[in-house]
Amino acid sequence: MVESSGNAADAYYVITPTESDIYKAVGQWLQSILPAGMGVVQGQQNRNAAPRDPFAVMVIIDRERIATNGWTYDGEATRTVTEQVQVTMQVNLFGPASSNQMQLVTALWRDMQAVDFFRASGIPIAPLTTSTTRQIGFTTGERQYDDLWTVDLTMQVTLTVRLPQAFATSIPVILTEVQTTYPE
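Source: prediction; values computed, not measured. (Residues numbered from 1 in each chain as written. Predicted model: local features only at pLDDT ≥ 70, side-chain atom pairs only at ≥ 80, totals over all residues. Heavy atoms only, no water.)

Novice: Even after reading the chapter, I still don't get the overall build of the protein, so can you show me in this structure?
Specialist: Summing up its helical and strand segments, the protein has 5 helices and 10 strands in all. Across the 184 residues that make up the protein, the buried fraction comes to 30%. Partitioning the contacts of the protein with sequence separation of at least 6, the portion at a separation of at least 24 is 68%. (Helix = DSSP H or I, 4+ residues; strand = E, 2+ residues; numbered from the N terminus. Buried < 20%, exposed > 50% of the residue type's maximum accessible area, 1.4 Å probe, protein only. Contact = heavy atoms within 4.5 Å.)

Novice: How do you make sense of the packing of helix H2 (residues 19-33) against helix H3 (residues 98-109) when you look at a structure like this?
Specialist: In a pair of packed helices, the angle between the axes and the distance between the axes together describe the arrangement. Between H2 and H3, whose axes approach to 11 Å, the crossing angle comes to 115°. Note that H2 runs across H3; the crossing there is right-handed. On the side of H2, the interface is formed by Trp29, Leu30 and Ile33, while H3 contributes Leu104, Val105, Leu108 and Trp109. Here the contact of H2 with H3 is composed, by residue class, of 7 nonpolar, no polar and no charged. (Axes fitted to C-alpha atoms, helices over the stretch in contact; angles between N-to-C directions. Left-handed = near helix turned anticlockwise from the far one by under 90°. Nonpolar A, V, L, I, M, F, W, Y, C, P; charged D, E, K, R; others polar.)

Novice: Even after reading the chapter, I still don't get the pattern of salt bridges, so can you show me in this structure?
Specialist: Pairing is possible between side chains that carry opposite charge, provided their charged atoms lie close to one another. A full pass over the atoms with the stated rule returns 5 salt bridges. A salt bridge links Glu83 to Arg65; its shortest N-O distance comes to 3.3 Å. Residue Glu83 is located in strand S5 (residues 78-94), and its partner Arg65 is located in strand S3 (residues 55-65); the two are separated by 18 residues in the primary sequence. (Salt bridge = Lys/Arg side-chain N within 4 Å of Asp/Glu carboxyl O.)

Novice: Help me understand the nonpolar core, please; the structure alone is not making it clear to me.
Specialist: Soluble, globular proteins show a tendency: their nonpolar side chains are buried together. Judged by nonpolar contacts, the single largest core of 34 residues is most densely connected at Val26, Leu30, Met89, Val105 and Met155. Looking at this core, the elements with two or more residues in it are H2, S3, S5, H3, helix H4 (112-121) and strand S10 (148-164). Among the elements that make up this core, the one with the highest residue count is H2 (7 residues). In this structure Met89 touches Ile22, Tyr23, Val26, Met58, Val59, Ile60, Ile61, Val151, Asp152, Leu153 and Met155, once residues within four positions along its chain are discounted. (Core = buried A, V, L, I, M, F, W, Y, C linked by side-chain atoms within 4.5 Å.)

Novice: How should I be thinking about H4 in this particular structure?
Specialist: A turn of α-helix holds 3.6 residues, and therefore any two residues three or four places apart point the same way. The backbone nitrogen of Gln113 lies 2.9 Å from a side-chain oxygen of the residue at the head of H4, namely Asp111. Directly beyond the C-terminal end of H4, a positive phi value near 85° is found at Gly122. (Polar contact = N/O pair within 3.5 Å; in protein donor to acceptor, adjacent residues only side chain to side chain.)

Novice: What is the right way to look at the environment of Ile125 in this model?
Specialist: The residue Ile125 is located in strand S6 (residues 125-130) in this model. It is 9.6 Å that separates the C-alpha atoms of Ile125 and Ala114, two residues lying 11 residues apart in sequence. Beyond its immediate chain neighbours, meaning those up to four positions away, Ile125 contacts Ile22, Ala25, Val26, Phe118, Met155, Gln156 and Val157.

Novice: How should I be thinking about the confidence of the model for the protein in this particular structure?
Specialist: Reading predicted coordinates in detail is not appropriate for stretches of low pLDDT. Mean pLDDT over the protein stands at 86; residues scoring 70 or higher make up 84%. A low-confidence stretch, residues 1-10 stays under pLDDT 50, and its non-local contacts, those more than four residues away or across chains, total 4 contacts. (pLDDT = per-residue confidence, 0-100.)

Novice: I'm lost on the side chain of Thr106 in this one. Help?
Specialist: Position of Thr106 among the secondary structure elements: in helix H3. Classification of Thr106 by relative accessible area gives buried; the value is 12%. Here the side chain of Thr106 touches Gln103 through a polar contact of 3.1 Å, landing on its backbone oxygen. Look past the residues within four positions of Thr106 in its chain and what remains in contact with it is Thr130, Thr133 and Val151.

Novice: Mind showing me how you'd approach unusual backbone geometry here?
Specialist: Most peptide bonds are trans, and most residues other than glycine sit at a negative phi. Between Thr16 and Pro17 the backbone carries a cis peptide bond, its omega angle lying at -5°. Looking at the element boundaries, Pro17 is found in the loop between strand S1 (15-16) and H2. If you check the backbone angles, Ala97 has positive phi at about 70° while not being a glycine. Of note, Ala97 is situated in the loop between S5 and H3.

Novice: Where do I start with the environment of Gln44 in this structure?
Specialist: Here Gln44 is to be found in the loop between strand S2 (39-42) and S3. Taking the C-alpha atoms as reference, Gln44 lies 9.1 Å from Val57; in sequence the two are 13 residues apart.

Novice: What is the right way to look at the pairing of S5 in this model?
Specialist: For a regular strand, side chains alternate in direction, first toward one face of the sheet and then toward the other. Where burial is concerned, most of S5 is hidden: 12 out of the 17 residues are buried. Pairing of S3 with S5 involves 10 bridges; the strand directions are antiparallel. Residue Arg63 lies in a different strand from S5, and its bridge partner there is Val87. Pairing between strand S4 (residues 70-73) and S5: 4 bridges, direction antiparallel. In the strand pairing of S5, Tyr73 is matched with Arg79. Between the antiparallel neighbours S4 and S5 lie 4 residues, among them Gly75 with a positive phi of about 80°. With 17 bridges joining them, S5 and S10 adopt antiparallel strand pairing. Within S10, the position partnered with Arg79 by the bridge is Leu163. (Pairing = 2+ DSSP bridges.)

Laid out in structure tokens, this is it:
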């Protein structure tokens, strides 16, 4: 994960769910459907060895705004902004039987099982589509071929951010008689 830049806005404005929340929710879903003991990790992590086969790697590869912002006011000097975003996550499955396991992932991603899982998690994710699955040649550090199947899972994520909002609770009205105050 990238640390904060130290910008004051970074410290105040927090977008939820975070990228970490998305990885955690999708990782938990994958663990719930894949064989017990299969490792599921976030990709692009430095100084971490790959788990033993079989395992899955997740990488968010795209974000696209799909709607105009919405907002609500809570009456406590706060405005909540919501943004609908299509997030694409590449999932790679390594090891024996990864083609069958990938078929399971794509079948259940577009099923009520995944929708119910994310609804119960409390993370505002709705599975949308999958790409076609692809088998990619992969050579291990020992120069041995390993099975690698990959797919792109797209999901709709509702992002929210809370902002301070000034409200007027009263408006002072001062009447000024124009002819008397500003004679010609």
